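If you want the building blocks of each chain, they are given just below.
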Amino acid sequence: MSLHSQSSGRASAQAAGAPATAGLTLARVGALVVLAGLLAVPFLLYPVFLMKVLCFALFACAFNLLIGFGGLLSFGHAAFFGSAAYVTAHAVKVWGWSPELGILLGTLAAALLGLVFGIIAIRRQGIYFAMITLALSQMVYFLALQLPFTHGEDGIQAVPRGVLFGVFDLNNPLEMYYTVLGVFLIGFFIIWRAVHSPFGQVLKAIRENEARAISLGYRTDRYKLLAFVLSATLAGLAGGTKAIVFQLATLTDVTWQMSGEVVLMTLLGGMGTLTGPVIGAALVVTLENYLAATSLPVPVVIGCIFVVCVLVFRRGIAGEIAARFGKQSRNV
Amino acid sequence: MMGTIFGIPPQALFGQLLLGLINGSFYALLSLGLAVIFGMLNVINFAHGALYMMGAFVAWLLLNQLGIGYWWALLLAPLIVGAFGAVLEKTLLSRLYKLDHLYGLLLTFGLALIVEGAFRHQYGVSGQPYPIPAELSGGRNLGFMFLPNYRGWVVVASLIVCISTWIAIEKTKLGAYLRAATENPVLVQAFGINVPRMVTLTYAFGVALAGLAGVLAAPIYQVSPLMGSHLIIVVFAVVVIGGMGSILGAVLTGYGLGLLEGLTKVFYPEASNIVVFVIMAVVLMVKPAGLFGRER
Amino acid sequence: MIARLLAGAALAALTIGVMSAGPAMAQQGKLSGDTVKIGVLNDRSGLYADLGGEGSAIAARMAAEEFGNKILGKPIEIITADHQNKPDIGSNLARQWIDQDGVDAIVDVPNSGVALAVQEVTKEKKKIFLMEGPATSRLTGDACSPTGFHWAYDTRALAVGTGQAIVKEGGDSWFFITADYAFGHQLEADTSAEVKKAGGKIVGSVKAPLNTADFSSFLLQAQASGAKIVGLANAGGDTITSIKQSSEFGLTQSGQQKLAGLLIFLSDVHALGLQVAQDLVLTTGFYWDRDDETRAWSKKFFDRYGKMPTMVQAGSYSAVRHYLKAIEAAGTDDGLTVAAKMKEMPVNDMFAKNGTILPNGRMVHDMYLARVKKPSESKGAWDYYQILRTIPGKEAFATFEESGCKLPK
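Conventions used here
- Residues numbered from 1 in each chain as written.
- Chains lettered and ligands numbered in written order.
- Predicted model: local features only at pLDDT ≥ 70, side-chain atom pairs only at ≥ 80, totals over all residues.
- UniProt positions renumbered as here; feature names shortened; annotations may be inferred.
- Helix = DSSP H or I, 4+ residues; strand = E, 2+ residues; numbered from the N terminus.
- Domains from an automatic or database assignment.
- Contact = placed C-beta atoms within 7 Å.
- Pairing = 2+ DSSP bridges.
- Axes fitted to C-alpha atoms, helices over the stretch in contact; angles between N-to-C directions.
- Buried ≥ 20, exposed ≤ 12 C-beta atoms within 10 Å, placed from the backbone.
- Right-handed = clockwise from strand over helix to strand, strands pointing away.
- Nonpolar A, V, L, I, M, F, W, Y, C, P; charged D, E, K, R; others polar.
- pLDDT = per-residue confidence, 0-100.
- Parallel < 35°, antiparallel > 145°, perpendicular 65-115°, else oblique.

All names here are of chain A. Sites flagged by UniProt as "transmembrane region" (unreviewed entry) map to residues 26–46, 53–81, 101–120, 127–144, 176–195, 225–250, 262–284 and 291–313. Along residues 101–120 the backbone is 100% helical and 0% strand, and the end-to-end C-alpha distance reaches 29 Å. Helix makes up 85% of residues 225–250 and strand 0%, with an end-to-end C-alpha separation of 28 Å.

Turning to the domain arrangement of chain C, a few remarks are in order. All names here are of chain C. Each domain of chain C was delimited in the assignment, giving domain 1 (31–153 + 290–361) and domain 2 (156–284 + 370–393). When each unit is reduced to the centre of its C-alpha atoms, the spacing between domain 1 and domain 2 is 27 Å. In this complex, domain 1 contributes 19 residues to the contact, which on the side of domain 2 involves 23 residues. At the level of elements, helix H4 (112–125) and helix H12 (311–330) are the ones that each hand at least two residues to the side of domain 1 that touches domain 2.

What follows is about the sheet that holds strand S15 (residues 385–391) of chain C. All names here are of chain C. In space, the 3 strands of this open sheet follow the order S11-S14-S15, with antiparallel pairing throughout. The sheet is open, and its two borders are formed by strand S11 (281–284) and S15, each paired with just one other strand. When strand polarity is set aside, the average angle formed by the axes of neighbouring strands in this sheet is 30°. Strand direction decides the pairing type here: strand S14 (residues 367–372) and S15, joined by 6 bridges, are antiparallel. Opposite Val372, over in S15, you have Tyr385 as the bridge partner. Together, S11, S14 and S15 form the strand contacts of helix H5 (residues 155–168), whose direction differs from that of S11 by roughly 155°.

Now for the pairing of strand S7 (residues 173–179) of chain C. Residues and elements named next belong to chain C. The element S7 is extensively covered by neighbouring structure, given that 6 of its 7 residues are classed as buried. With 7 bridges connecting them, S7 and strand S8 (residues 201–208) associate as parallel partners. Looking across to S8, one finds that Ile177 is bridged to Val206. This β-α-β element, S7 to helix H6 (residues 182–197) to S8, shows right-handed connectivity. In this sheet, strand S9 (residues 229–233) lies alongside S7 in parallel orientation, the contact comprising 5 bridges. Across the sheet, residue Thr178 finds its bridge partner in S9, namely Ala233.

Okay, the interface of chain C and chain B next. The interface is formed by 15 residues belonging to chain C together with 20 residues belonging to chain B. Of all elements in the fold, only helix H7 (216–225) and helix H8 (236–248) of chain C reach the threshold of two or more residues within the side of chain C that touches chain B. The greatest single-element share of the side of chain C that touches chain B, amounting to 4 residues, is contributed by H7(C). Considering only residue class, the side of chain C that touches chain B consists of 6 nonpolar, 7 polar and 2 charged.

We now examine the confidence of the model for chain C. Chain-level statistics for chain C give a pLDDT mean of 87 and a share of 91% at 70 or above. Note on residues 16–31 of chain C: pLDDT under 50 across the span, and 36 contacts to partners over four residues away in sequence or across chains.

A word on unusual backbone geometry. All names here are of chain C. Even without a glycine there, the phi angle at Asn85 is positive, about 60°. Here Asn85 is to be found in the loop between strand S3 (74–82) and helix H3 (87–101). Taking the number of C-beta atoms within 10 Å as the measure of exposure, Asn85 has 24 and is therefore buried. A positive phi is found at Val109, a non-glycine position, where the angle reads about 50°. Tracing the backbone shows Val109 in the loop between strand S4 (105–108) and H4.

This next bit is on the sheet that holds strand S5 (residues 128–131) of chain C. Strand order in the open sheet formed by 6 strands is S2-S3-S1-S4-S5-S6 (chain C), and the pairing between neighbours is mixed. Both outer strands of the open sheet, strand S2 (70–71) and strand S6 (148–150) of chain C, are each paired with one neighbouring strand and no more.

Two measures define how a pair of helices packs: the angle their axes make with one another and the distance between the axes. All names here are of chain B. Running from N to C, helix H6 (residues 173–183) and helix H8 (residues 195–221) point in directions that differ by 110°, and their axes come no closer than 11 Å. Relative to H8, the element H6 lies roughly perpendicular. Where H6 approaches H8, its residues Tyr177, Leu178 and Ala181 are matched on the opposing element by Val195, Met198 and Thr202. Residues of the contact of H6 with H8, tallied by class, amount to 5 nonpolar, 1 polar and no charged.

Next up, the structure:
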């Protein structure tokens, strides 16, 4: 157990840990090192596990776009994640679509659903918004339970992974991993661009003071709706990809517990930070993996983390780091 | 055979309506508790479903560990759950009042996971049977359906509780303080009323209602750690539809939606699980504050 | 900003690295032949925990102990996990077991939906899958696998046994309350086919979600249908709840309607009590009190578990035992080789006499039509069944040709 695990832990610590101290001038080099680390990890760790982390990381980033930058707490994001998984799985398995088209369709479906949810939910704010998204996602859960194409409790099983762009055989774990990594990086880049665009600035202004944004002439509802749809779309991208990775789409992905989990990932990692959700997702997925092998009840541990985060750790991990080293990074 | 109503045999129609009323009794009790808590604390108590489950488990434990039967459990379980709620409020929730209300939701979500997970770890997810009290076993033939006595009792009990709570809040002095404290806590505090204690007691009362609903549910649904987790979302929808402003709204919407679900089961059973959510969406489009709510 | 981003990414990579390096190395550090590892994967906390659960693990261990916990000079290891009746959790566990922990065979897996998901994994990885818990006949039909074995019973055998017997007694119009997943759908379909074949008719059906707490509205629909027989196409906790609530709603009081439990385990009868369960007719693959051999084994099982074995638990013993014998005969634990060997050898133990295994993995053995005794007839604890008839294996199970399995014969 010990030797190999230590060395691999240390290796990735070195690979990824170095840039944290390297400072700003080395930022680009650092980015390359992180990328190299991400490219190398599947040789050290179980690829299926890594792919799960990446899918959830993207999911959490998408969720964070809404809460962290728009100030809207959606408690129903599992609906987008899960329904995209169902649509992708159905397209690939039943219609024989290629994986990239399947994921695209799943993402589109999530975007549409996001539009519908958004139109209804943005009429209210704060707690109401959370409860409305929660209730709407529960409706999606019941639809998933009853519609014939989702196959109820069984879910859509034995989804073929297929061949990406007719070239990459996704049944090979490495090719699958790099595909998921690619999807994640694309999603992450979109979020990064959105946050740093004028659109992102307006969102932040709405989060801080909506009345003021309105008085400045912004039609805040439109911005909020757009943010909601974008967030739903990316959550769908994550869900569709997950369906291909695990070759399954099941009810688990549309339950409210799943919505809660993504809230936790974001909260733990740090709301409103770009990397926080990634850290949070990695931690939560790892923790669940670890707990599954012990007799400790997973929900209790997760619940405790939730309570601790809310009471004393509201900035999350990335938020705390940013607060410590705030002066340096603010300038970038 | 009897005639039909809209092509539906009357026994099916009235039977499902009655079952809907029984479900509605639980919705009403739970949304009443949520509304009381929200009115005072501005917190949506996500742990409400877990505490409802806890009420049922307390009754089950009282019976199986101490031999204390249903009628005493009906009194004791809400007290125990209420006391537990008071501890939660004092130690955890009270730290969050100055922050965004969403943190209250998140905290109670975490609490729900802990409570549910702990019971699940201890007792598994399959239901534990809880016997119907001897006084209420059996049933009567109403002509259109066979109504088990116990289910009839549930409707009566929930009506009594809901009406007396409404009277207590709308018509008594204590209720007046409560309503005043909701509107302007600083002013009420200035009158020499201990507002923090009132907040604690309100939360305790709200969750005690959930505990009571749990005891009422135990003989019907079996006692299972997951019994609250699906119900709570429906109750949230009920609360959104009713609007958070009024106690009466919460109660009426609870019963009303139960009946409506029953009707759906007759005419289009496939939609019975989602009808509440569809109605929620429609109400939000037409009247964003809910049927009985006020814009705040 | 970028620095913050990088710091975060670094931390994420670090946590993944440190926390997950453990399981990853297990994958590389173990040679498949060092040990025969058997994973018992079932519901250990939910509505099917009583019919399989830890009991199936104990039965598997009893089989391993007969070999001295060693085979071909190497240790036999038995591990367990809870799939929580979720197909995604089940298939992930199976994948992880095979990829990382070097598991050679997976045992039990009640809940047909989960079993279908696990079958996909074991088929892809060419590992043995010994199914006792799941019911759907699809597991040896369109979803069959060269390394999958369906052992204790299936929906078709239940339909042939209970369905036919009830129609013969005059129960010729049926209404189904069906568990809404793979198992329930298949059981309803198979039973409907048998009922129609015997001259009965189906007047309706309603699908109830898995683990339903309140069957009252479904029972009302059943009452309104006017069918003579209300067929319960569900299992475990759902069967128990629906039987209890139908007595609460006076379903059978009028005498016009009768309940037919299509899949009833010994554990269900035990939970219901004879007062409620009496006179139910059921089909089972095993009953502990059938002959001296079954009594002797069940006594040993009872001493360790405190309950008499269900057909799932007894089947787990039988299947694991046969699997180990095949490894011994084949001299390897390679999945496809062992599977071929298992199909060559007849199954002879306390569970089955001269059982044969079809090319699709269906283990064909005699089934039993039983009636639950009245409290007055029962002579002691666990004296629950009266065997009415032995259903020959050939009659109970579909032939390979009928099954629809596309494997080479």
